[in-house]
Amino acid sequence: MHRTTLYYRLQRVESLADTDLKDGNERLCLHLALKLGRLTGRYQLGP
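Rules and cut-offs
Residues numbered from 1 in each chain as written. Predicted model: local features only at pLDDT ≥ 70, side-chain atom pairs only at ≥ 80, totals over all residues. Heavy atoms only, no water. Helix = DSSP H or I, 4+ residues; strand = E, 2+ residues; numbered from the N terminus. Buried < 20%, exposed > 50% of the residue type's maximum accessible area, 1.4 Å probe, protein only. Polar contact = N/O pair within 3.5 Å; in protein donor to acceptor, adjacent residues only side chain to side chain. Contact = heavy atoms within 4.5 Å.

An unreviewed UniProt entry annotates the protein as Helix-turn-helix domain-containing protein originating from Micromonospora sicca.

(A) Examining the side chain of Thr19 more closely. You can see Thr19 is positioned in the loop between helix H1 (3–17) and helix H2 (24–40). Judged by its relative accessible area of 15%, Thr19 falls in the buried class. Polar contacts involving the side chain of Thr19 include one to the side chain of Glu26, which spans 2.5 Å. Sequence-distant contacts of Thr19, defined by excluding residues within four places in its chain, comprise Glu14 and Glu26.

As structure tokens, this is what we get:
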């Protein structure tokens, strides 16, 4: 993946999640939310 593609995707995640990925606490909250979603079966990885 090209570096600009990665930056674009990270900006898109920030926009969709209404968060700032430069903030460590925000990253931690997002990471924990995804982990909890997978553990509870509410979120599953792609096909």
